[in-house]
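Take a look at the letters that make up each chain.
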Amino acid sequence: NTDVLIVGCGCSGLYCALNLPETVDITIITKSDFESNDSYLAQGGICMLKNDDDYDSYFEDTLKAGHYENDKTSVDLMIRSSQDVIRDLISYGTRFQRDPDGALLFTREGAHSDKRILFHEDITGKEITSHLLMEARKRRNIHLLDYTTIVDIVEDNNRCFGAIIRRNDSSLDAIQADYTVLATGGIGGLFQHSTNFRHLTGDGLAIALKH
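Heads up: these notes are all about the structure in this document. (Residues numbered from 1 in each chain as written. Predicted model: local features only at pLDDT ≥ 70, side-chain atom pairs only at ≥ 80, totals over all residues. Heavy atoms only, no water.)

**Thoughts on the packing of helix H1 (residues 11–18) against helix H5 (residues 124–138)**
When two helices pack together, their arrangement is captured by the angle between the axes and the distance separating the axes. Direction vectors running N to C along H1 and H5 enclose 40 degrees, while the axes themselves pass 9 Å from each other. Here H1 lies oblique to H5, going by the angle between them. Both H1 and H5 take part in a crossing whose hand is left-handed. Contact residues: H1 offers Cys11, Leu14, Tyr15 and Leu18, while H5 offers Ile128, Thr129, Leu132, Leu133, Glu135 and Ala136. (Axes fitted to C-alpha atoms, helices over the stretch in contact; angles between N-to-C directions. Helix = DSSP H or I, 4+ residues; strand = E, 2+ residues; numbered from the N terminus. Parallel < 35°, antiparallel > 145°, perpendicular 65-115°, else oblique. Left-handed = near helix turned anticlockwise from the far one by under 90°. Contact = heavy atoms within 4.5 Å.)

**Some thoughts on the pattern of salt bridges**
Following the criterion strictly, the structure yields twelve salt bridges and no others. Where Asp203 meets Lys31, a salt bridge forms, and the shortest distance between an N and an O atom there is 3.1 Å. With a gap of 172 residues between them, Asp203 in helix H6 (residues 203–210) and Lys31 in the loop between strand E2 (26–29) and helix H2 (38–41) connect regions that are remote in the sequence. Since its relative accessible area comes to 27%, Lys31 is described here as partly exposed. The network of salt bridges with common partners includes Glu22, Glu135, Lys138 and Arg139. (Salt bridge = Lys/Arg side-chain N within 4 Å of Asp/Glu carboxyl O. Buried < 20%, exposed > 50% of the residue type's maximum accessible area, 1.4 Å probe, protein only.)

**Considerations on the side chain of Arg116**
Checked against the element boundaries, Arg116 lands in the loop between helix H4 (72–91) and strand E4 (117–118). On the accessibility criterion, Arg116 (0% relative accessible area) is buried. Polar contacts involving the side chain of Arg116 include one to the side chain of His112, which spans 2.9 Å. Excluding residues that lie within four positions of it along the chain, Arg116 makes contacts with Ile46, Cys47, Met48, Lys50, Asp54, Ser57, Tyr58, Asp61, Phe106 and Thr107. (Polar contact = N/O pair within 3.5 Å; in protein donor to acceptor, adjacent residues only side chain to side chain.)

Structural data, given as structure tokens:
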């Protein structure tokens, strides 16, 4: 039994766990080892709102990149929370590139009309995710289970009570949870040609669609 079950140990799953109260019992499961997720493979950088004057441009750049199909509330939330997120990542040890005076160094990437991308060499994803994982391993309330696959959620009357899991020895088990978070990554592993890890096959999406 656990208070919160998080399926997936990339940036989203780990950051979710670290933002929950330390009085909450959390179990994180991942289908492979804890470093075999696409968050580790991300090379470029991460966006941050530099100042209030940058908001309108940042917002428009994001909508344009999404062919104006974006959920505007989500875009606003992403932009306005970006400074707090970066502060969190730095507090966990992430070493973003800085100028000789110690100020954060911004670069520009595709779809952005201005420099608002923070980075660490060419391995930004690994730099961020590895420090999130180190922080998670320090927390007594966070329990990490590798080589553990979600088979299905346990659901009754449109309420989720946890999940059925398959362990590395192929045995099945149940995890009872008050809350279940699907942070299972993408679907790249379904395709013959992909730069994603092969085990990322959209399990979370399929389970969500099923229910």
